[in-house]
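Tertiary structure, described
The chain contents come next:
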Amino acid sequence: MIDHVRSTVLSVLNKENRGILTVSQFNSYAKHAQQLIFDQYFSEYSRLSTLKNSRRLSSDQGDKLKMLRQNIDKFVKTDTKTITNTYIEKPTDLYSMLSLVYSGKLMEYVPKYKETYLEASNIAGPSTLYPGYCDENNYWYIKPSTLTGDVSVNYIRTLADPNWTYTVVGQNPVHNPSAPDFQDFELDVDDQTSLVIEILKLSGVTIREAEVAQAAAQIDAVDTQKENV
């Protein structure tokens, strides 16, 4: 998908006489655009959930909330961390934590301002049956401190940085998806147009989104026609 997006972006830039977009610039813009759209997944999910709860959203084939949830679920990951000195280290690819599970029990988040009060309580404090955790920088501190063993971490991972790789033929870079550092976009294929729009914005294309989308769609139609010849 990344080669198709780049070709579309370069075609629009050439049409608008916006200059040359280098490979390093494209990869940098592609990373930012992918992250921006990924971040929007969650704000859009919140908005659609509100509409769904108020019965203002379709629940049939056009269930946008379900489709968005499926897109997000692709990045849900489970890892096992061993408790060391009352803490576990956060995964290096953590984007958003979903839950911590100890010995089959869902652990409860303990805000820092409540930590002292809960530990002093004989009734409401964390225990083996009702374990908890505190969030601190790159670690989660496990409560009570007597717990040992493994904790199952369910979380949404970060996206891999897109990287359009190439081989120079003559004086022109030609796409080389066999390069060891090649990385395609990880977003859904339906986000291609959004990626094109965001990259064009970063490239300094000062035209309306509708016009960019239309131009991208026209180029896509031409490319598809060429492929079918």
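First, a word on scope: everything that follows refers to the structure included in this document. (Residues numbered from 1 in each chain as written. Predicted model: local features only at pLDDT ≥ 70, side-chain atom pairs only at ≥ 80, totals over all residues. Heavy atoms only, no water.)

1. Some remarks on the sheet that holds strand E1 (residues 76-82)
Keep this limit in mind: Only strands that DSSP links by at least two bridges are regarded as paired with each other. Secondary structure elements are taken from DSSP: a helix is a run of H or I of four residues or more, a strand is a run of E of two residues or more, and numbering for both begins at the N terminus. We call two residues in contact when some of their heavy atoms are within 4.5 Å. Only the stretch in contact is used when a helix axis is fitted, and all axes are lines through C-alpha atoms; the angle between N-to-C directions ranges over 0 to 180 degrees.
With antiparallel pairing, four strands are arranged side by side in an open sheet as E1-E8-E3-E4. The open sheet has two free edges, formed respectively by E1 and strand E4 (105-106), since each of these has just one partner strand. Set on the sheet, helix H2 (residues 23-53) makes contact with strand E3 (94-102) and strand E8 (150-157); between it and E3 the angle comes to about 45°.

2. Brief notes about the packing of aromatic side chains
Let me state the cut-off plainly: Geometry of aromatic contacts follows a simple scheme: Phe, Tyr and Trp rings, the Trp one being its six-membered ring, pair when their centres are within 6.5 Å, and the pair is stacked under 30 degrees between planes, edge-to-face over 60, tilted otherwise. Only protein chains enter the accessibility calculation, which uses a 1.4 Å probe. A residue is then buried if its area is under 20% of the maximum for its type, exposed if over 50%, and partly exposed in between.
Counted according to the given criterion, the structure contains nine aromatic pairs. Between tyrosine 87 and tyrosine 141, the ring centres sit 5.9 Å apart and the planes meet at 50°, which makes this aromatic pair tilted. With tyrosine 87 in strand E2 (residues 87-89) and tyrosine 141 in strand E7 (residues 139-143), this residue pair connects regions lying 54 residues apart in the sequence. A relative accessible area of 24% places tyrosine 87 in the partly exposed class.

3. Some details on the nonpolar core
Definition in use: Side-chain atoms within 4.5 Å are what join buried Ala, Val, Leu, Ile, Met, Phe, Trp, Tyr and Cys residues into a set we call a nonpolar core.
Counting residues in each nonpolar core, the largest one holds 28 residues, and the members touching the most others are Val5, Val9, Phe26 and Ile199. At nine residues, the largest contribution of residues to this core is made by H2. Contact partners of phenylalanine 26, with chain neighbours within four places excluded, come to Ile2, Val5, Arg6, Leu21, Trp164 and Ile199. Counting 12 residues, the second largest nonpolar core, distinct from the first, contains Tyr133, Trp140, Ile142 and Leu147.

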